[in-house]
Amino acid sequence: MAENDVRSNRCSEQMGYVHCFADKVKRFPGLAGRETWKVGKEDPRRVIHSFKVGIALTLVSLLYLMEPLFNGIGQNAMWAVMTVVVVMEFTVGATLSKGLNRGLGTLLAASLAFLTEYIADAPGRIFRAVFIAIAVFIIGTMTSYVRFIPYIKKNYDYGVLIFLLTFNLITVSSYRIDDVWSIAEDRITTIAIGCAICLVMSILVFPNWSGEDLHNNTISRLEGLANCIQVCVREYFNDSEESTCQDDSSEDPIYKGYKALLDSKTTDETLALQASWEPRYLRYFHRIPWHQYAKVGAALRYFSYTVVALHGCLQSEIQTPKSIRALYKDSCIRLGEEVSKVLRELANSIRNNRQFSPEMLSNNLNAALQDLNSALKSQPQLVLGSKNGRAVQHHDQKLEEDTRTSSPSVKNIGSSSRLGCRSREHSRELTKKVLRTQLSKAAIVSLEFSEALPFAAFTSLLVEMVAKLDRVMDEVEDLGRMAYFREFEDVENGDKIVVTCEKPKTDIAQNDVPSAGSE
């Protein structure tokens, strides 16, 4: 019976696996269709790129399919197909980088291989084999070591790899094949044809520029951070409790706003490197400083850490009472709005290729900081600081004095009544009531102290955000100077303001805004 039960359980499990697999097979077409549509909807350029790769492969396959072309090139026509598969990338910069690396590496390797063949062919066959082995060892060792150099690794790693591969193929095969020059010539020709087709399809047919992607990404991240800060500050002072109790952070729009920025280091560096290969120029035929875009991205990531901490204040378990937050609502919202305006102004500066006015932005930030400082000074007892610490100490001393004065009075009552045990018990109860009341007052003071901490951290992060924003403004200003942006024009006043490289620093120390670590 036990064996039958085990067999029946195994059969039921197997049938369950079969039904589960069948269900997955039935749902696969729908899931594949939805995922395919989602990928194309996120970026329609992916669909265009796929068609471009298909057309390029079809064109290069004619070298192998058409009889006249095949007779001229032969079996080496497959090298052109391999070149298109490897070199054809999504952006023009990536295609140029791989194509030029592959072409240059092949040309240099072929030249060095024929020089090696010319030297090894003179004395005899034994010396030739030894010389080829030594040459392969030296070139392989040196090339592999050169790939560890950071500059070579970053810019020419693929070309060095192709150089090593081509050199070994030509040098080693020349020992057994007499007519190696024709093979090398055909391979160089087919690789050149494949690279040419890739470049034509990438540059002339709906090109996707790496620099344009980097430019748009920088603008969108500036605007995304501006929206994050604005929503964070408004939700912190919102009356509803739903905004501060979100469990699923992946669905939070604030989280989505800065998540892409935190993970952008590798993407920015790659796009900046690929864009440096693209033949694009600004006014006066100057190259666009794509490396400066990467520096702007680094400054934004440094700035976004404060935004992450500010978002954490919304999800804190301990919250400052709404009555206290309402006292500083207007000042904090104004400061958050000014920071958002600065980020949007920087985004517009990059989008329109024009400089901005650091003086105007800094003045508005200073005015907002002074407004918050005045609001904090108007209610000093509600903010963590030295004054509040003295008030708590004064309150504790007062409680101790009350305890000392109340205890003798209770003892006097017990001694004057002379009612024995009942009077002593009554005096103990009175003492406990007085102490219990005083302890409860101390607990209330401690609770108010802990509840004020989250708001102190929130205001401290706002001020820290203004300090870190100065670095972002510096990098964007350097970008405008290096890229020859147009001069800033004051549209409201109709005046033309020449922007200089120096701008006033926002003095945070003079604002006397208490931070979370103040005593």
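Residues numbered from 1 in each chain as written. Predicted model: local features only at pLDDT ≥ 70, side-chain atom pairs only at ≥ 80, totals over all residues. Heavy atoms only, no water.

Colleague: Explain the overall build of the protein chain to me, using residue names and the numbers behind them.
Modeller: Within the protein chain, the secondary structure is distributed over 18 helices and 2 strands. The burial tally for the protein chain puts 38% of its 519 residues in the buried class. Taking the intrachain contacts of the protein chain between residues at least 6 apart in sequence as the baseline, contacts between residues at least 24 apart amount to 81%. Surface exposure of the protein chain reaches about 30200 Å², of which carbon and sulfur atoms provide 60%. (Helix = DSSP H or I, 4+ residues; strand = E, 2+ residues; numbered from the N terminus. Buried < 20%, exposed > 50% of the residue type's maximum accessible area, 1.4 Å probe, protein only. Contact = heavy atoms within 4.5 Å. Areas by Shrake-Rupley, 256 points an atom, 1.4 Å probe, with all protein chains shown as cover.)

Colleague: Got a sec to walk through the state of the cysteines? Specific residues and values, please.
Modeller: This model, assessed by the stated rule, comprises 0 disulfides. Here Cys195 is not cross-linked by a disulfide; its sulfur's nearest cysteine counterpart is in Cys198, at 6.4 Å. With a relative accessible area of 9%, Cys195 lands in the buried category. (Disulfide = S-S within 2.5 Å.)

Colleague: Account for the UniProt feature "transmembrane region" (unreviewed entry) in the protein chain, naming residues and giving values.
Modeller: Under the UniProt annotation, "transmembrane region" (unreviewed entry) lies at residues 47-65, 77-96, 103-120, 126-146, 158-176 and 188-206. For residues 126-146, the end-to-end C-alpha separation is 30 Å, with 100% helix and 0% strand making up the annotated structure. Between the C-alpha atoms that bound residues 158-176 there is a distance of 28 Å. The span itself is 84% helix and 0% strand. (UniProt positions renumbered as here; feature names shortened; annotations may be inferred.)

Colleague: Outline helix 9 (residues 180-204), supporting the account with residue identities and numerical values.
Modeller: Look at helix 9: 36 Å from first C-alpha to last across 25 residues, which is about the 36 Å you get at 1.5 Å a residue. Of the positions making up helix 9, those classed as buried are Val180, Ala184, Thr190, Ile191, Gly194, Cys195, Ile197, Cys198, Met201 and Ser202. The secondary structure elements touched by the buried residues of helix 9 are helix 2 (45-65), helix 3 (67-73), helix 4 (77-87), helix 5 (92-120) and helix 8 (157-173). One or two steps after helix 9, the chain reaches Phe206, where phi turns positive at roughly 45°. (Expected span 1.5 Å × (residues − 1).)

Colleague: Report on a nonpolar patch on the surface, specifying residues and quantitative values.
Modeller: Together, Ile55, Leu59, Leu62, Tyr64, Leu65, Met66, Leu69 and Met78 line one region of the surface with nonpolar side chains, adding up to about 690 Å² of accessible area. Broken down by element, the nonpolar patch gets its largest block of residues, 5 residues, from helix 2. We classify Met78 as partly exposed; its relative accessible area is 37%. (Patch = residues over 30% accessible without salt bridge, like charges linked within 9 Å, V, L, I, M, F, W, Y side chains within 5 Å. Salt bridge = Lys/Arg side-chain N within 4 Å of Asp/Glu carboxyl O.)

Colleague: I'd like a rundown of empty space enclosed by the protein, residues and numbers included.
Modeller: The full count for this structure, using the stated rule, is 4 cavities of 30 Å³ or more. A volume near 90 Å³ is recorded for the largest cavity. Every residue lining the largest cavity is listed: Trp79, Thr106, Ala110, Leu165, Thr166, Leu169, Ile170, Ala184, Arg187, Ile188 and Ile191. Listed by contribution, the elements that provide at least two residues to the lining of the largest cavity are helix 5, helix 8 and helix 9. Here the lining of the largest cavity is built from residues that sort into 8 nonpolar, 2 polar and 1 charged. (1 Å grid on protein atoms, 1.4 Å probe; cavity = no way out; pocket = protein on both sides within 12 Å on 5 of 7 lines; lining within 4 Å. Points joined across faces, edges and corners; volume = space filled by probe spheres on them. Nonpolar A, V, L, I, M, F, W, Y, C, P; charged D, E, K, R; others polar.)

Colleague: Please give an account of the nonpolar core that cites residues and values.
Modeller: The nonpolar side chains of a soluble globular protein tend to be buried with one another. Counting residues in each nonpolar core, the largest one holds 61 residues, and the members touching the most others are Phe303, Phe458, Leu469 and Val472. Breaking this core down by element, the ones donating at least two residues are helix 10 (210-236), helix 11 (253-262), helix 12 (265-275), helix 13 (290-314), helix 15 (329-351), helix 16 (358-378) and helix 18 (421-482). The leading source of residues in this core is helix 18, at 12 residues. Ignoring anything within four residues of it in the chain, the contact list for Phe303 reads Leu225, Ile229, Val339, Leu343, Met465, Lys468, Leu469 and Val472. If you look at the next biggest cluster of nonpolar residues, it comprises 13 residues, including Val60, Ala80, Ile197 and Met201. (Core = buried A, V, L, I, M, F, W, Y, C linked by side-chain atoms within 4.5 Å.)

Colleague: So what's going on with the environment of Arg334? Residues and values would help.
Modeller: With respect to the secondary-structure elements, Arg334 resides in helix 15. For Arg334, a relative accessible area of 35% puts it in the partly exposed group. In the structure, Arg334 is positioned 37 residues away from Asp371 in sequence and 8.6 Å away in space, judged by C-alpha atoms. Excluding its chain neighbours within four sequence positions, the residues that come into contact with Arg334 are Ala367, Ala368 and Asp371.

Colleague: Tell me about the pattern of salt bridges, residues and numbers included.
Modeller: Applying the stated criterion to the full structure yields 16 salt bridges. The partner of Arg234 in a salt bridge is Glu337, and the shortest N-O contact between them spans 2.8 Å. You can see Arg234 sitting in helix 10 and its partner Glu337 sitting in helix 15, a full 103 residues away along the chain. When the shortest N-O distance is used, the salt bridge between Asp263 and Lys259 registers 3.6 Å. Through salt bridges that share partners, Asp43, Arg45 and Asp213 make up one connected network.

Colleague: I'd like a description of the side chain of Glu278, backed by residues and values.
Modeller: As for its position among the elements, Glu278 is in the loop between helix 12 and helix 13. Of note is the side chain of Glu278, whose polar atom sits 2.6 Å from the backbone nitrogen of Ser210. Reaching out from Glu278, the side chain makes a polar contact with the backbone nitrogen of Gly211 at a distance of 3.4 Å. Filtering out sequence-adjacent residues up to four positions away, Glu278 remains in contact with Val92, Gly93, Leu96, Trp209, Ser210, Gly211 and Arg287. (Polar contact = N/O pair within 3.5 Å; in protein donor to acceptor, adjacent residues only side chain to side chain.)

Colleague: Provide a residue-level description of the packing of aromatic side chains, including the pertinent values.
Modeller: Here the structure, examined in full by the defined rule, presents 9 aromatic pairs. Seen from their ring centres, Phe237 and Phe458 are 5.8 Å apart, and the 80° between their planes marks the pair as edge-to-face. Remark: Phe458 occurs in helix 18 and Phe237 occurs in the loop between helix 10 and helix 11; sequence separation between them is 221 residues. When sorted by exposure, Phe237 lands in the same class as Phe458, which is buried. Grouped by ring-pair contacts, the aromatic residues Tyr151, Tyr156 and Trp277 constitute a single cluster. (Phe/Tyr/Trp six-rings, centres within 6.5 Å; stacked < 30°, edge-to-face > 60°.)

Colleague: Explain unusual backbone geometry residue by residue, including any values.
Modeller: The backbone phi angle of Phe206 is positive, close to 45°, even though this residue is not glycine. Within the element layout of this structure, Phe206 appears in the loop between helix 9 and helix 10. Since its relative accessible area comes to 58%, Phe206 is described here as exposed. The backbone phi angle of Asn353 is positive, close to 55°, even though this residue is not glycine. In this fold, Asn353 is placed in the loop between helix 15 and helix 16. For Asn353, a relative accessible area of 26% corresponds to the partly exposed category.

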